[in-house]
Amino acid sequence: MKELKQQKIAVLMGGNSAEREISLQSGEAVLNALRSQGFDAYSVDPQCYDIAQLKNDGFDLVFNILHGRGGEDGSMQGLLEQLKIPYTGCGVLASALAMDKMRSKLIWQACGLPVAKMVVVKDINSLDSIAIQQQLGLPLMVKPSLEGSSVGLTKVKQINDLQAAVATALKHDETVIIEEWLDGEEFTVPILGDKILPAVKIVPANEFYDYEAKYLLDNTQYFCPAGLSDEKEQEIRQLAKAAFDALGCRGWTRIDIMSNAKGEFRLVEANTCPGMTSHSLFPKSAAQLGYSFEQLVVKILESTR
């Protein structure tokens, strides 16, 4: 088998999901990092290129940095499996499960892992706002099940606003999750192979960590180390690893976790193809272990299967 630096690498970026622009930014950063380390890497955008031609065009492996549907939901992974081209990140099933927030939460629940209480809605006509308020209280978080980058999220403070929030989420997916509001702190825990990286604490510039706070504003704050006690840091890392294992993840994944008012951790979601932009959290955490951005990218590439 050829050495990694002798292999022709396709950096998949862009695509046609709602996260296209972020994927292009991540992809450029990854591409530049690989080239700076002497790898034979090329930008490949599925919106402009037939992925089925990768083998014919001499590509040996794929660094997948497509975010969202079509790249992070198992469909691209399935195509690459059929083409017999190794790729970074999780396999077909783990990718599909992690992208589906509802099903990943159900699996975590079945494994005895803590998640926020939720109600699933597929038809706005069957929405019983009063019953939901009685079950989950106020405020509420409303989100599409199959989106990333906080696309389609709404914080509902008054029950009269719930229907509009569900309508917004339904524009992005046919399944909507309504969750109890977690009013504690927000964290993320990256996992790289068998290493659980330090937790990152997020203090969003907006009321919650929405798309704008993630990618557009410079005053969202990130703390790594997260300021947790040794006991709580150990607890959150173990929880993240349990969530990772329950979904069958591999390679690299970022587990998002929030706490409630009592400081109890709740799993939020798994990101199997995390962002790699200047605002991204995986590189911030890896830097605490001494990894430069370039070294991190190479480590991820080395986990290709």
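These notes cover the structure that comes with them.

The rules behind the values
- Residues numbered from 1 in each chain as written.
- Predicted model: local features only at pLDDT ≥ 70, side-chain atom pairs only at ≥ 80, totals over all residues.
- Heavy atoms only, no water.
- Pairing = 2+ DSSP bridges.
- Helix = DSSP H or I, 4+ residues; strand = E, 2+ residues; numbered from the N terminus.
- Axes fitted to C-alpha atoms, helices over the stretch in contact; angles between N-to-C directions.
- Parallel < 35°, antiparallel > 145°, perpendicular 65-115°, else oblique.
- Contact = heavy atoms within 4.5 Å.
- Nonpolar A, V, L, I, M, F, W, Y, C, P; charged D, E, K, R; others polar.
- Buried < 20%, exposed > 50% of the residue type's maximum accessible area, 1.4 Å probe, protein only.

Another point: the sheet that holds strand 2 (residues 40-44). Across the sheet, 3 strands lie side by side as 2-1-3; this open sheet has parallel pairing. Looking along the sheet, the strands with just one partner apiece sit at the ends: strand 2 and strand 3 (61-64). Neighbour-to-neighbour, the strand axes of the sheet open up by a mean angle of 30°, direction not taken into account. Two elements, strand 1 (residues 8-12) and strand 3, share 4 bridges in a ladder whose sense is parallel. Within strand 3, the residue paired with Ala 10 across the bridge is Val 62.

Take the packing of helix 4 (residues 101-110) against helix 8 (residues 230-247) next. Where helix 4 contacts helix 8, the two axes come as close as 10 Å, and the packing angle between them is 110°. With respect to helix 8, the axis of helix 4 lies roughly perpendicular. Facing Ser 104, Ile 107 and Trp 108 of helix 4, the residues of helix 8 in contact are Ala 243, Ala 246 and Leu 247. Tallied by class, residues from the contact of helix 4 with helix 8 come to 5 nonpolar, 1 polar and no charged.

Okay, the pairing of strand 13 (residues 265-271) next. Counting buried positions along strand 13 gives 7 out of 7 residues, so the element sits mostly inside the fold. Pairing geometry for strand 12 (residues 252-259) and strand 13, over 6 bridges, is antiparallel. In the strand pairing of strand 13, Asp 256 is matched with Glu 269. Counting the residues in the hairpin turn of strand 12 and strand 13 gives 5 residues, including Gly 263, whose phi is positive at 85°.

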